[in-house]
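Chain by chain, the residues:
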Amino acid sequence: MVDSVRDRSEVHIRRSWPLRWARNLLGAPLPASLQAELTRDLGNYFLSFAFAGPIAAALAIATALTVKSLPALFFAGLAFAGFAFVIFACHAVRRPDGDADLEEIEARYVLGTIIVAVGIGGIVAAVLRQPAPVLAQAVAVMVALATLGAANGTGPGRPLIALVQFPAVSLPIGLSLMRYWPSPWGIAAGVGVLVFGLLCVAMARRGYASHMQLLLAREAQAAERQRLETAVHTLSQAVTILDADTRVVAMNRSALDLLGVAPIDQANPPTFAELLADAPNLQKAATNREEFLGHAAMLVGMRQPFSATMHLDDSRAVDLECQPVPGGGWVTVMRDSTGERNAIAELNREIRRCPVTGLPNRRAFLEELDKRLLRGEGFSLLLVDLDGFKQVNDRYGHAMGDRVITRVGFRLRTADPGLFASRLGGDEFAVLADGDDVHAAMDLARHLIEAVDQPARFGDAEIQVGAAVGVAVSPDNGIEGEDLLRAADLALLSAKGHPGSHICLFTPELKLLSARNAGVDSRVRSALRAGNIDVAYQPLIDLETGKVVALEALARWQPDGGEPVAPEELVRIAEARGLITILRRLVLEQAAAVTASLDQTMNLWINASVHDLRQPGMVDEVLNELKSAGLPPHRLALEVTETALMTDEDACRTNIERLIDLGVGVAMDDFGSGFSSLDRLRRLPINALKISGSLLSGAPGQSAAADIFRVAASLGHSLDLMLVAEGVETREELELARAAGIHRVQGFALSPPVPANRIPEAIAAAEAAANTGLRLRAAS
């Protein structure tokens, strides 16, 4: 079987080598598209053949007539017919109708050249056989050789034609020269003609191969360009490809539609500048276009990438980017960025707008503030902070809180048509109003408070919040945004220090006070961290026995060489700086030790902050401190203000209930000084009620005030709470408290707060004052 395979292989080799030889000699067959291109290329040689062909034919005929040879004349006519075939074939390719049969034209051309070769060869052979003049013979040979060379040139040459021309022209001429011309010139000339014929074959083959390579390269380039154009046309973005001279090479449909131009004439493509100048969609944007082209011309010269934005006639924005291509040329990408720019503009609006209220936010407010300051016109800045908004969130939830905030924002925005109202965050708003008149600004602040104070109904809930307003005017209170905002902040801080809705106008004194408070704040923090806090004690008298039964421990701090810091300020700083637990611990450590050293019937009352009561470990800390001092829990009572409990009642309840279970007393302090909630009073697990001195002050001389005090005491009795009246300043107030059924009292009428070393003296003075009242009452 192996032998049979080998035999078939050898047969195949023997059969295939002639084909390979013929292919090597004639050249590989061209694809149909390239063959057609090769035939079309004949049109470039029409004028050459039209001029040289008739001349060669005329010379051949003249030579035949000169030698008076009938065969020569026949072959001359044959050559003339061949030239006609060639000329008409070249002319047919040049016709613009595009319907020419290229295969037929190629066949006519090849046939014509073969006929010419046979005719020229026959003429020369016939002339050489005749006893003609040497000049005539030489002319015939030169015409033949010239025709042979021209027919095998790079463009029109074909290997097949060259192979036919060699036996038809070169071989008969060479043999005739060697036979009929005298030796050795005939032999030399004959050999030369044969060699020239072989060179023409080689030249034709090489020219054909070069031409074929050129056509292949041209086809590859055309295919590459077609792929490029296909890729470009499939892109959704508008793409234009330019050559090194910025002439348009390719432009996709998106680019054509964007500029509104017709398809590009590839035979005469415009430059990119000309394209833009004639673009229908850019006619109204001439200035923008010319400016772009001016910059582009400089950057093109430097081969630098560049970008620009152009505006179409319909106001659309187009981003254009130009990138240089290695080796020359450019790629331009045009993108309609109108939607993107609108989206960015909308995003810019969104980041400057409060998502809850729709009002401008802090960023937008600061920008507007800077704009007004730059204009240099006087205006007013009002900062509005809501009062009671946290209670709304705690009671109804944050969803309801957002609805309240939205309603307040709407009221502020519509309070006056010329206002710029914005929400800075949380429950704080800022309002800018034209004009720097102080009285007008204060009137506007009152108008805003009235708008905010109006009750709002949400379903079954009727909600009302108050507001504090800080007012500053420009340029009097600041010509820089930071300074003006600081002034309004200080005014707002002062307004929030007053109960209820309040307005405060910035004054230079507020800035001085703020600077002083900042210094006090820093020193108080240092004192708390160092434990340098003193404690003062104020006796509580049991009105039934006239004895001091408890001491209230009050934190005190006085800087070296300075005035004492008010207790309320001390507590405020400790709470604001997160040091209230340290303050309570310092007071309890000192006061528990002092109280434990007194009579076992003496109890200790101290103030507790709601921030402290929220801490999970607060009860255990208190118990450990009491244990260290040797003071039982039932001898301790904690006072918590009603206002503090309003802010975080639920968070404090757990610790309050645990303290009461351990025997510690818990009293609501300052009852009646603010917003008193009877429902909260009923719900809270407390066992004592301290009525604010503000209800007792001046009450003996005012029947209405006295009645309010008695009602407060009556409420405490109905809830079975121990009643304590604080702030007793006069004998009449003491008697009113006694008549209202108050159990215990304290105040300057009995004893002011004293240091620990003066406790016995204070107890004696308080009991003396109380007993005097008892004796007077008994005598009466």
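Going by the structure above, here's the rest.
Okay, so let's go over this structure. Please read these numbers as outputs of a predicted model, since none were measured by experiment.

Turning next to the nonpolar core. Across soluble globular proteins, nonpolar side chains have a tendency to be buried as a group. If you look at the biggest cluster of nonpolar residues, it comprises 76 residues, and the most contacted ones within it are Ile533, Leu583, Leu604, Leu636, Phe709, Ile742 and Val745. Residue contributions to this core peak at 8 residues, all from helix α20 (residues 580-596). If we ignore the near neighbours within four places in the chain, the residues touching Ile533 are Ala527, Leu528, Ala555, Arg556, Trp557, Leu570, Leu583, Leu586 and Gln590. Formed by 34 residues, the second largest nonpolar core is a distinct cluster that contains Leu386, Val392, Leu412 and Val469.

Before going further, it helps to examine the sheet that holds strand β2 (residues 248-251). Strand order in the open sheet made by the 5 strands is β2-β1-β5-β4-β3, with antiparallel pairing throughout. Strands with a single pairing partner mark the edges of an open sheet, and in this sheet they are β2 and β3 (306-311). Strand-to-strand twist across the sheet, computed as the mean angle between neighbouring axes with direction ignored, equals 20°. In terms of strand pairing, strand β4 (residues 317-324) meets strand β5 (residues 330-336) through 7 bridges, oriented antiparallel. Among the inter-strand pairings, Asp319 is bridged to a residue of β5, identified as Arg335.

With mixed pairing, 8 strands are arranged side by side around a closed barrel as β13-β14-β15-β16-β17-β18-β19-β20. As defined by bridge partners, strand β15 (residues 603-607) adjoins strand β16 (residues 636-641) across 4 bridges and the pair is classed as parallel. Within β16, the position partnered with Ile606 by the bridge is Leu638. Sitting on the sheet, α20 is in contact with β13 (534-542), β14 (547-556), β15 and β16, with an inclination near 165° to β15.

Along the chain, Gly43 falls in the loop between α2 (32-40) and α3 (46-67). For Gly43, a relative accessible area of 5% translates into the label buried. Every residue in contact with Gly43, bar those within four places of it in the chain, is listed here: Cys90, Val93 and Arg94.

Of all 5 residues in strand β1 (residues 238-242), 5 are buried; the element is thus mostly enclosed. Burial along β1 is two-sided: Ala238, Thr240 and Leu242 facing one way and Val239 and Ile241 facing the other are all buried. One ladder, built from 5 bridges, connects β1 with β5; its direction is antiparallel. Across the sheet, Ile241 pairs through a bridge with Val331, a residue of β5. Across 3 bridges, β1 lies against β2 in antiparallel orientation. Residue Leu242 lies in a different strand from β2, and its bridge partner there is Val248. With antiparallel pairing between neighbouring strands as the criterion, β1 and β2 make up a hairpin whose turn holds 5 residues, including Thr246 at a positive phi of roughly 60°.

Together, Ile187, Val191, Val195 and Leu199 give the surface a local cluster of nonpolar side chains, amounting to about 330 Å² of exposed area. Along the chain, Ile187 turns up in helix α8 (residues 185-234).

Here we come to helix α15 (residues 398-414). In a regular helix each residue adds 1.5 Å, so 17 residues correspond to 24 Å; α15 covers 24 Å between its end C-alpha atoms and thus fits that length. Of all the positions in α15, only Met400, Gly401, Val404, Ile405, Val408, Gly409, Arg411 and Leu412 are classed as buried.

Bringing unusual backbone geometry into the picture now. Each neighbour pair has its own omega, and for Ser474 with Pro475 the value is 15°, a cis peptide bond. Its location among the elements puts Pro475 in the loop between β11 (466-474) and α17 (481-496). A positive phi angle is found at Thr246, which is not glycine, with a value near 60°. Structurally, Thr246 can be placed in the loop between β1 and β2. Under the relative-accessibility criterion, Thr246 is labelled buried at 19%. Here the phi dihedral of Asp670 falls at roughly 60°; this positive angle occurs in a residue that is not glycine. Along the chain, Asp670 turns up in strand β17 (residues 665-671).

The subject of this paragraph is the environment of Val619. Mapped onto the secondary structure, Val619 falls in helix α22 (residues 618-629). Under the relative-accessibility criterion, Val619 is labelled buried at 0%. Through-space distance from the C-alpha of Val619 to that of Leu659 is 6.7 Å; in sequence the pair is 40 residues apart. Beyond its immediate sequence surroundings of up to four residues, Val619 is in contact with Asn655, Arg658, Leu659 and Leu662.

Reading the values: rules and limits
Positions within a chain are numbered from 1, following the residues in the order the chain's sequence is written. Thresholds applied to this predicted model are a pLDDT of at least 70 for local features of residues and 80 or more for the giving and counting of side-chain atom pairs; totals over whole chains, interfaces and linings are not thresholded and use all residues. To obtain the side-chain values, all non-hydrogen atoms of the structure were included, while hydrogens and water were left out. Put simply, a nonpolar core is a bunch of buried Ala, Val, Leu, Ile, Met, Phe, Trp, Tyr and Cys residues held in one set by side-chain atoms that sit within 4.5 Å of each other. Exposure categories follow from relative accessible area, calculated using a 1.4 Å probe and restricted to protein chains: below 20% of the type maximum is buried, above 50% is exposed, and the middle band is partly exposed. Only runs of H or I of at least four residues qualify as helices and only runs of E of at least two qualify as strands under DSSP, and these elements are numbered from the N terminus. It only takes one pair of heavy atoms within 4.5 Å for two residues to be counted as in contact. Any two strands are treated as partners once DSSP identifies two or more bridges connecting them. Only the stretch in contact is used when fitting a helix axis, every axis being a line fitted to C-alpha atoms; angles between N-to-C directions are given from 0 to 180 degrees. Patch membership requires more than 30% relative accessible area and the absence of a salt bridge. Residues of like charge join within 9 Å; the nonpolar side chains Val, Leu, Ile, Met, Phe, Trp and Tyr join within 5 Å. Surface accessibility follows the Shrake-Rupley procedure with a 1.4 Å probe radius. Residue values consider only the protein chains on display as shielding. By definition here, a salt bridge exists when the distance from a side-chain nitrogen of Lys or Arg to a carboxyl oxygen of Asp or Glu is within 4 Å. To estimate how far a helix should reach, multiply one less than its number of residues by 1.5 Å.

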